[in-house]
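# Examination of the molecular architecture
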Amino acid sequence: MINNPIVKDFLKQIVDNDDDLSNIQTIIQALIDGIETDEEIHEQTGIKLNTVRKLLYKLHDASIANYKRNKDPETQWFTYTWRFEKEEYVKKIENFYQQRLSEREKHLDNLENNLYFVCCIDPEHFKGDYAESSEFEFYCPVCDYELEPYDAKKEKTTLKRKITIDKKNFKKFEDKISKI
Ligand SMILES: [Zn+2]
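Position numbers for residues start from 1 in each chain and track the written sequence from start to end. Note on the predicted model: pLDDT of at least 70 is required for a residue's local features to be given, and 80 or more for side-chain atom pairs to be given and counted; whole-chain, interface and lining totals, by contrast, use all residues. To obtain the side-chain values, all non-hydrogen atoms of the structure were used and water was disregarded.

### Structural notes on the domain arrangement of the protein chain
- Per the domain assignment, the segments of the protein chain are domain 1 (5–85) and domain 2 (89–177).
- For the purposes of this description, domain bounds are those given by an automatic or database domain assignment. One C-alpha centre belongs to domain 1, the other to domain 2; they are set 36 Å apart.
- A quick way to say it: buried area is the sum, across both parts, of accessible area lost when two parts are put together, with a 1.4 Å probe. Of the roughly 1,000 Å² buried where domain 1 meets domain 2, counting both sides, 74% is carbon and sulfur surface.
- Of all residues in domain 1, the largest losses of buried area upon contact with domain 2 belong to Ile 6, Val 7 and Phe 10, amounting jointly to 53% of the total for that side.

So, in structure tokens, the structure goes:
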């Protein structure tokens, strides 16, 4: 479940680098498994204690994890007991998925219903719909060569594939999370 591409892409927004991405996945799994303190997570996973703490607070900021503070009656020190917020987690991932899906569907819809033009020398120079292209009188604003109709076939196929795969992966996520 934690390796689901949708979950991964969602978590990428929370962390700063690939190491933290893999660590935060491990920490979420530890919380799901019922491990409650930063030190236990550190011991069980081998992730540095500072990193565990930093990432737990990132999860807290994202409302995916919550903590309770207790005072040890003997040492007078505070201990933090962490808990995984499953409902919030599911809600956040569902929102992420729905938003990405609607953006891609809108993009696909645009490609299907509009004619686009690109620079005939280098498509990176310019790509625009009819109105945008006519502003430049169908000449590339970068190199001044002509614009030509854009063949959207490949991009449409890729988008459709991404949409299908995301739908399948979201279903997998729902199936797995419901068993936790
Ligand atoms: Zn050009």
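### Here we look at the coordination of the zinc ion
- Bound to the zinc ion are the protein donor atoms Cys 119 (SG), His 125 (ND1), Cys 140 (SG) and Cys 143 (SG), situated 2.1 to 2.4 Å from the metal.
- Listed donors are limited to N, O and S atoms within 2.8 Å of the metal, widened to 3.2 Å for Na, K and Ca; water is not among them, so incomplete-looking sites are possible. Irregular is the label for any site that misses the other tests, which are tetrahedral for four donors with all angles between 85 and 135 degrees, and square planar for four donors or octahedral for six when opposite donors exceed 155 degrees and the remaining angles lie between 65 and 115. Its four donor atoms give the zinc ion angles of 106 to 115° at the centre, a pattern that matches the tetrahedral case.
- Binding-site remark: the zinc ion is held by donors from one chain whose sequence spacing is C-x5-H-x14-C-x2-C. Placement of the pair is His 125 in the loop between strand S3 (116–119) and strand S4 (127–129) and Cys 140 in the loop between helix H6 (130–135) and strand S5 (147–149), with a sequence separation of 15 residues.
- Judged by its relative accessible area of 2%, Cys 140 is buried. We count a stretch as a helix when DSSP gives it H or I for four or more residues in a row; a strand needs E for two or more, and each element gets its number in order from the N terminus. Here the term buried applies to any residue with accessible area under 20% of the maximum for its type, exposed to any over 50%, and partly exposed to those in between, with areas from a 1.4 Å probe on protein chains only.

### Digging into the environment of Phe 117
- Mapped onto the elements of the fold, Phe 117 is located in strand S3.
- Put simply, Phe 117 and Ala 152 are 35 residues apart on the chain and 9.8 Å apart in space, counted from C-alpha to C-alpha.
- With residues near it in sequence (within four places) discarded, Phe 117 still touches Phe 126, Lys 127, Gly 128, Asp 129, Tyr 130, Ser 133, Phe 138, Leu 147, Glu 148, Pro 149 and Tyr 150. Residues count as neighbours in contact if any of their non-hydrogen atoms are within 4.5 Å of one another.

### As for the pairing of S3
- In this analysis, strands are considered paired if DSSP registers two or more bridges between them. As paired strands, S3 and S4 are joined by three bridges and run antiparallel to one another. Its bridge partner lying in S4, Tyr 116 is registered against Asp 129.
- Here S3 pairs with S5 via three bridges, running antiparallel. Looking across to S5, one finds that Val 118 is bridged to Glu 148.

### Details of the pattern of salt bridges
- Criterion for a salt bridge: a side-chain nitrogen of Lys or Arg within 4 Å of a carboxyl oxygen of Asp or Glu. Taken as a whole and judged by the stated rule, the model has 14 salt bridges.
- For Glu 88, the salt bridge identified is with Lys 92, shortest N-O distance 3.5 Å. Of this pair, Glu 88 and Lys 92 both sit in helix H5 (residues 86–113), four residues apart, roughly one helical turn.
- The partner of Arg 104 in a salt bridge is Asp 166, and the shortest N-O contact between them spans 3.3 Å. A residue pair is termed long-range when its members are at least 10 positions apart, and Arg 104 in helix H5 and Asp 166 in helix H7 (residues 153–177) qualify at 62 residues.
- Looking at Arg 104, the relative accessible area reads 18%, which means it is buried.
- Here Asp 166 falls in the buried class, since its relative accessible area comes to 5%.
- It is possible to trace a salt-bridge network through shared partners that takes in Asp 9, Lys 12, Arg 100, Arg 104 and Asp 166.

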